[in-house]
Amino acid sequence: MTDAAATKAKRNVIFLVLVASLGYFVDIYDLLVFSIVRKSSLLSIGVKPADVLPQGLFIINLQMFGLLLGGILWGVVGDKLGRIKVLFGSILLYSLANFANAYVHDVNTYAAVRFIAGIGLAGELGAGITLVTETLSKERRGAGTTIVAVIGLFGAALAVVVAKHGWQNAYMVGGGLGILLLLLRIGTFESGMFKSLEQSSVSKGNFLMLFNNWGRFKKYIYCILIGAPLWYVVGVLVTLSPEFGKALGATEPLSAADGILYTYIGIAVGGIFAGLLAQFTKSRKITMAIFLLLSVVSVVCYLSAKGLNSKEFVWLCFFMGCAVGYWATFVTIAAEQFGTNIRATVATTVPNFVRGSLIPINLAFTAFVAHYGMITSGYIMMAILTVLALLSLSQLKETYGKDLDYVEIS
């Protein structure tokens, strides 16, 4: 390869990582915007204060169900038609849904549009991570996926800032950012591994392959379970912080928007350290184990903070965010566990099934609350999810430095 060709190839890779990073930035913005504007938007469309929590859970559960379905849809598309098709189709769908969200006037319409947005959001991260892991060298792909996650997670910070100017504006900005990113993606190149496989007769994007082999199925479930504690922290402990604040006897009302902002800043910071630790130890499993245990410590600190104030709350959220900053490491592990012909399916469905796990987590948490109250239920759910995550992690093989140019045989 000539020097000019090498320089061009390097620029293409940098551009690819940048586009994937900005895509995840918009993805996180749109994924969390409802959690940030939950109370203000629902009150604005006429929901009674006493119904804000149950109606909010109804809407977010439908959004998460959309993520579940969308994860399967876009994962199959990514393996059958290419990763680039997903990057274009998914962002167009959730951008249009966000524009529509700015004009809803009742809970059912709100929930239906968030369901559609969830389907669109499901394709972004998996396709981006798959492209990066298949394009960068095995020594650098961990750093590449860390960059994607760290830049992307700051989308939460922008969502909080924009939401201060009105919940409808927050949705409009989210839709506009998606359209701008769609234009930026023109010229993005396809994964070389997918291109070499494209004309092959091997089964591609066959979601059922994850279930017709016991070994693959177990590995797939393990990948989902290791990420569940993170989404519990964000989707329950932080999103429901106003309710947790009352249970803890907080000296002032706690803001879910501020909690999400500082949690995601923490996740971004934690993501950097997780990436560096994985590179230093040459082990993603050791990194995951350390962060899972640290997350337990952070949640105990949060749930035992009787009489906390707003300042103490945001610092606790930052700590919890740092402790669950293994998102990029977790998604990379999932992508590296499977062959090229179903890698996009796995990398897209696993993080979305983790997000979708918020549905059973919410149901279980609500059931526990009825018997044990908010705080004890918070401890119980974190304990269950962490034990399952650590057991699952122990069953997965180390993937650091693994050659990814292979296929799964049906």
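These lines cover the structure that appears in this document, whether it is placed above or below. (Residues numbered from 1 in each chain as written. Predicted model: local features only at pLDDT ≥ 70, side-chain atom pairs only at ≥ 80, totals over all residues. Heavy atoms only, no water.)

1. Quick look at the overall build of the protein
The helix and strand tally for the protein stands at 18 helices and zero strands. Compactness check: the protein gives a C-alpha radius of gyration of 20 Å against a globular reference of 22 Å for 410 residues, within 12% of the reference. Looking at the protein as a whole, 58% of its 410 residues qualify as buried. In the protein, of all internal contacts separated by at least 6 residues, the share reaching a separation of at least 24 is 84%. Carbon and sulfur atoms provide 69% of the accessible area of the protein, an area that totals close to 15700 Å². In the protein, which carries 30 positive and 20 negative side-chain charges, the distance between the mean positions of the two groups comes to 3 Å. (Helix = DSSP H or I, 4+ residues; strand = E, 2+ residues; numbered from the N terminus. Rg over C-alpha atoms; globule rule 2.2 N^0.38 Å. Buried < 20%, exposed > 50% of the residue type's maximum accessible area, 1.4 Å probe, protein only. Contact = heavy atoms within 4.5 Å. Areas by Shrake-Rupley, 256 points an atom, 1.4 Å probe, with all protein chains shown as cover. Lys, Arg positive; Asp, Glu negative; His and termini not counted. Charge placed at Lys NZ, Arg CZ, Asp CG, Glu CD.)

2. A short note on the side chain of T386
Within the fold, T386 resides in helix α18 (residues 358–395). Within the local environment of T386, its side chain forms a polar contact with the backbone oxygen of M382, the two atoms lying 2.8 Å apart. Once residues within four sequence positions are removed from consideration, T386 is found in contact with P229, L292 and V296. (Polar contact = N/O pair within 3.5 Å; in protein donor to acceptor, adjacent residues only side chain to side chain.)

3. Quick word on the nonpolar core
Membership of the largest hydrophobic core comes to 132 residues, with the highest contact counts inside it found for Y110, F244 and Y264. Setting aside chain neighbours within four positions, we find F244 in contact with V236, L237, Y302, L303, F365, M374 and I375. (Core = buried A, V, L, I, M, F, W, Y, C linked by side-chain atoms within 4.5 Å.)

4. A look at helix α7 (residues 155–163)
Within α7, seven of the nine residues are buried, which leaves it mostly tucked inside the rest of the structure. Within the span of α7, buried status applies to G155, A156, A157, A159, V160, V162 and A163.

5. Considerations on the pattern of salt bridges
Any two side chains of opposite charge can pair, so long as their charged atoms come close to each other. By the definition in use, this model includes four salt bridges. With its nearest N and O atoms 2.9 Å apart, the salt bridge here joins E336 to R284. With E336 in helix α16 (residues 327–336) and R284 in helix α14 (residues 284–303), the pair connects residues that are 52 residues apart, well separated along the chain. Of the residues examined, R284 reaches a relative accessible area of 3% and is grouped as buried. (Salt bridge = Lys/Arg side-chain N within 4 Å of Asp/Glu carboxyl O.)

6. Considering the side chain of S35
Counting through the fold element by element, S35 comes out in helix α1 (residues 3–44). Among residues more than four places away in sequence, those in contact with S35 are I60, T239, A256 and I260.

7. A closer look at unusual backbone geometry
Positioned with a positive phi, K282 is a non-glycine residue whose angle comes to about 55°. Relative to the assigned elements, K282 resides in the loop between α13 (256–281) and α14.

8. Quick look at the environment of L53
Relative to the assigned elements, L53 resides in helix α2 (residues 52–80). Sequence-wise, L53 and L240 are 187 residues apart; in three dimensions their C-alpha atoms are separated by 8.4 Å. Ignoring anything within four residues of it in the chain, the contact list for L53 reads R38, L240 and E243.

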